[in-house]
Amino acid sequence: MPDEMNELAPTAAADEKISGINITLLTTFFIAITAIVFLFILLISNSVMRRFDAVEDAIDKFIICEQSSKVIKDSANFLTEQARLFILNGDPAYAEAYLEEKNVTRRRTQAFKALEDVCSVHDLAYQRLQIAIEQSESLINIETYAIKLGYEARKDSIKDIPDEIRQMEIRSSDRRLTPEEMGSAAVNMLFGEGYLIYKTRVNENCNLTVTSIEDEIQRNLRINSTNLGDYLQRLRFLFFVLLVITALIFLAIAYFVLHPLKNFLNSIKKDEKLNVIGSTEFKYLAKTYNQIYEVKAKNEKKLRVKAEYDGLTGILNRRAFDNICQNSAEEKWPIVLLLIDMDNFKHINDTYGHAGGDTALKELARILKSTFRKSDYVARIGGDEFAAVLPDYKANSGDIIVRKIASVNEQLANMKDGIKPVSVSVGAAFSPTGYNEELYKKADKALYKTKELGKRGCQFYTEGAD
């Protein structure tokens, strides 16, 4: 048996050239493509984020500029208002509010600082801003000097003068002025044309600063908007590529993996060979399985032959005969059961030895098998006992069977090797519903009847003939 197994051992499937798609390489390819696409998406996403940050920074810059410009204007107007009110009615509270705004609150100074933080030294806006700062400082100097003259004009009525104002020097040209003239000079400073020109220029330069920044922001927004549009187009394309890759992966898995697996499972359930389909890995698996399947089938056939066939005669054995009888009963076959007994077998063994007996048994088996139909089942059920199950025979087919047995005996009479006398006695019984114990008893009684009548013949069981 081991030698037979070695003869049937399959050649390695790996030795055969298997063509097709390798799912491992295909998976690696898809993974690489997907990784590359994700890398591009990441790079473009970072670019988009930078563009969004640039837009956000530009908007923040514009907001800061707009707010700072408004603060500068409000602070300048507040200082002008407080200085003018002090000059007009002489209330020190206005002068103190002016100095509070100028030295403590310092809204205008802080607003200029905020503008400087967001403007580049190369920007036109920055240059405008520098001019506005210088002009603003000139306005503050004019306003502060006007307040000094206001205090000098009312020094008799105002005793508590702020240190900053007290320490200021009066120009030599103004020292000869009377208090009334100093008051008039202070009014001219704050309401005169020169002052108004300075103030207008400060506001204009602040507005120009904001306008320059606004133009710059609009340019940046247009550029960033165009770039964002391009990036979004690329992202849409890459997402479409990902969609296509995903669809291809699904189709590849369905065609090269899932479909073969389903096909293989159905074939295995039906105990069939596998179709060589799918990826190269599955084709390799199918070919290997099929080789093993062929070996298994051949080995099973050999085992089945040994299990179901008589080793000496090559016809069915008792085990196979019992299975056939059981099947006929389960499926309700109409059958004729023949019990066949070799006559004088002990005499043959005594005369010709066991070799001669074996020769007689093998010759009888050969003749029985050639005499009956291929659909009939002939078996050796004991030493010199044979049996046959003849399906699809009717009760009135006895003459045909009797003639077949007569032919068997004629052939045995002319058997080679000079072994004589050899003949068979047969008992037959019919059942319309397959094998049962009663059928066996009837055939056995018919066999006994044949032996009583001198052997070498065939008798059918008939009711009432017991």
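Up top you'll find the structure we're talking about.
Novice: Describe the overall build of the protein, naming the residues involved and giving the relevant values.
Specialist: A count of helices and strands for the protein gives 13 helices and 5 strands. In summary, the protein has a C-alpha radius of gyration of 61 Å against a globular reference of 23 Å for 466 residues, an excess of more than 25%. Dimensions of the protein along its principal axes, counting C-alpha atoms only, are 180 × 50 × 35 Å. Going through the 466 residues of the protein one by one, you find that 39% of them count as buried. Looking at the protein alone, contacts between residues at least 24 apart form 69% of all its contacts between residues at least 6 apart.

Novice: Could you give me a rundown of the sheet that holds strand β3 (residues 385-391), with the residues and numbers involved?
Specialist: Read across the open sheet, the 5 strands follow the order β2-β3-β1-β4-β5; overall the sheet is mixed. Since the sheet does not close on itself, it has two edges, and those belong to β2 (377-380) and β5 (457-460), each with one partner. The average angle at which neighbouring strand axes cross in this sheet is 20 degrees, direction not considered. Inspection of the sheet shows strand β1 (residues 335-342) paired to β3 by 7 bridges, in the antiparallel sense. Within β3, the position partnered with I340 by the bridge is F386. Against the sheet, helix α10 (residues 318-331) engages β1, β2 and β3, with an angle of about 30 degrees to β3. Here helix α11 (residues 345-371) sits on the sheet in contact with β1, β2, β3 and β4 (424-431), set at roughly 155 degrees to β1.

Novice: For the environment of A83, give the residues involved together with the corresponding values.
Specialist: Residue placement: A83 occurs in helix α2 (residues 23-89). On the basis of relative accessible area, A83 is assigned to the buried category, the value being 0%. Counting along the chain gives 16 residues from A83 to L99, while the straight-line C-alpha distance between them is 9.4 Å. Beyond its immediate stretch of four places on either side in the chain, A83 contacts Y98, E143, I147 and L190.

Novice: Describe the side chain of S431, with residues and values.
Specialist: Within the element layout of this structure, S431 appears in strand β4. Overall, S431 belongs to the buried group, its relative accessible area being 5%. Looking at S431, its side chain comes within polar contact range of the main-chain nitrogen of T433, at 3.3 Å. In terms of polar contacts, S431 uses its side chain to reach the backbone carbonyl oxygen of G434, at 2.6 Å. If near-sequence neighbours (up to four positions away) are discounted, S431 is found in contact with W333, P334, I335, N436 and L439.

Novice: Talk me through the packing of α2 against helix α7 (residues 179-191); I want residue IDs and the actual numbers.
Specialist: At their nearest, the axes of α2 and α7 sit 10 Å apart, and the two run at 155 degrees to each other. With respect to α7, the element α2 is oriented roughly antiparallel. Of the two possible hands of crossing, α2 and α7 adopt the one that is left-handed. Across from A83, R84, I87 and L88 in α2, the residues of α7 making contact are G183, A186, V187, L190 and F191. Taken together, the residues of the contact of α2 with α7 break down into 7 nonpolar, 1 polar and 1 charged.

Novice: I'd like a rundown of a nonpolar patch on the surface, residues and numbers included.
Specialist: A contiguous nonpolar surface patch, about 610 Å² in accessible area, is contributed by F240, L243, V244, L248, F250 and L251. Along the chain, L243 turns up in helix α8 (residues 193-269).

Novice: Before we move on, can you summarise the packing of aromatic side chains with the specific residues and values?
Specialist: In total, this model carries 6 aromatic pairs according to the counting rule given. Between F29 and F30, the ring centres sit 5.8 Å apart and the planes meet at 55 degrees, which makes this aromatic pair tilted. The exposure class of F30 is buried, given its relative accessible area of 11%. Seen in terms of ring centroids, F264 and F282 are 6.1 Å apart; in terms of plane orientation they differ by 50 degrees. Their pairing is tilted. Of this pair, F264 sits in helix α8 while F282 sits in helix α9 (residues 280-308), and the two are 18 residues apart along the sequence.

Novice: Pulling in residues and values, what's your account of a negative patch on the surface?
Specialist: The grouping of D53, E56, D57 and D60 at the surface amounts to a negative patch. The topology assignment puts E56 in helix α2.

Novice: Lay out the pairing of β1 with the relevant residues and their values.
Specialist: Successive residues of a regular strand alternate their side chains across the two faces of the sheet. Along β1, 8 of the 8 residues are buried, which leaves the element largely enclosed by surrounding structure. Residues of β1 alternate between two faces, with I335, L337, L339 and D341 on one and V336, L338, I340 and M342 on the opposite face, all of them buried. As defined by bridge partners, β1 adjoins β4 across 8 bridges and the pair is classed as antiparallel. Among the inter-strand pairings, I340 is bridged to a residue of β4, identified as V426.

Novice: A description of the pattern of salt bridges should follow, citing residues and the corresponding values.
Specialist: Applying the stated criterion across every chain yields a total of 17 salt bridges. For the salt bridge of D341 with K451, the shortest nitrogen-to-oxygen distance reads 2.8 Å. With D341 in strand β1 and K451 in helix α13 (residues 437-452), the pair connects residues that are 110 residues apart, well separated along the chain. Residue D341 is classed as buried on the basis of its relative accessible area of 13%. Salt bridges linked by common partners bring K148, E152 and K155 together as one network.

Novice: Pulling in residues and values, what's your account of the nonpolar core?
Specialist: As a rule of thumb, nonpolar side chains are buried together in soluble globular proteins. Counting residues in each nonpolar core, the largest one holds 40 residues, and the members touching the most others are F86, Y98, I147, L149 and Y151. Contributions of two or more residues to this core are made by α2, α3 (92-105), α4 (107-118), α5 (124-153), α7 and α8. Per-element accounting of this core gives the leading share, 12 residues, to α5. Residues in contact with F86, not counting those within four places in the same chain, are D91, P92, Y94, A95, I147, G150, Y151, R154 and I158. Counting 30 residues, the second-largest nonpolar core is a separate cluster that includes F345, I348, V424 and C458.

Rules of the game
Residues numbered from 1 in each chain as written. Predicted model: local features only at pLDDT ≥ 70, side-chain atom pairs only at ≥ 80, totals over all residues. Heavy atoms only, no water. Helix = DSSP H or I, 4+ residues; strand = E, 2+ residues; numbered from the N terminus. Rg over C-alpha atoms; globule rule 2.2 N^0.38 Å. Buried < 20%, exposed > 50% of the residue type's maximum accessible area, 1.4 Å probe, protein only. Contact = heavy atoms within 4.5 Å. Pairing = 2+ DSSP bridges. Axes fitted to C-alpha atoms, helices over the stretch in contact; angles between N-to-C directions. Polar contact = N/O pair within 3.5 Å; in protein donor to acceptor, adjacent residues only side chain to side chain. Parallel < 35°, antiparallel > 145°, perpendicular 65-115°, else oblique. Left-handed = near helix turned anticlockwise from the far one by under 90°. Nonpolar A, V, L, I, M, F, W, Y, C, P; charged D, E, K, R; others polar. Patch = residues over 30% accessible without salt bridge, like charges linked within 9 Å, V, L, I, M, F, W, Y side chains within 5 Å. Areas by Shrake-Rupley, 256 points an atom, 1.4 Å probe, with all protein chains shown as cover. Salt bridge = Lys/Arg side-chain N within 4 Å of Asp/Glu carboxyl O. Phe/Tyr/Trp six-rings, centres within 6.5 Å; stacked < 30°, edge-to-face > 60°. Lys, Arg positive; Asp, Glu negative; His and termini not counted. Charge placed at Lys NZ, Arg CZ, Asp CG, Glu CD. Core = buried A, V, L, I, M, F, W, Y, C linked by side-chain atoms within 4.5 Å.

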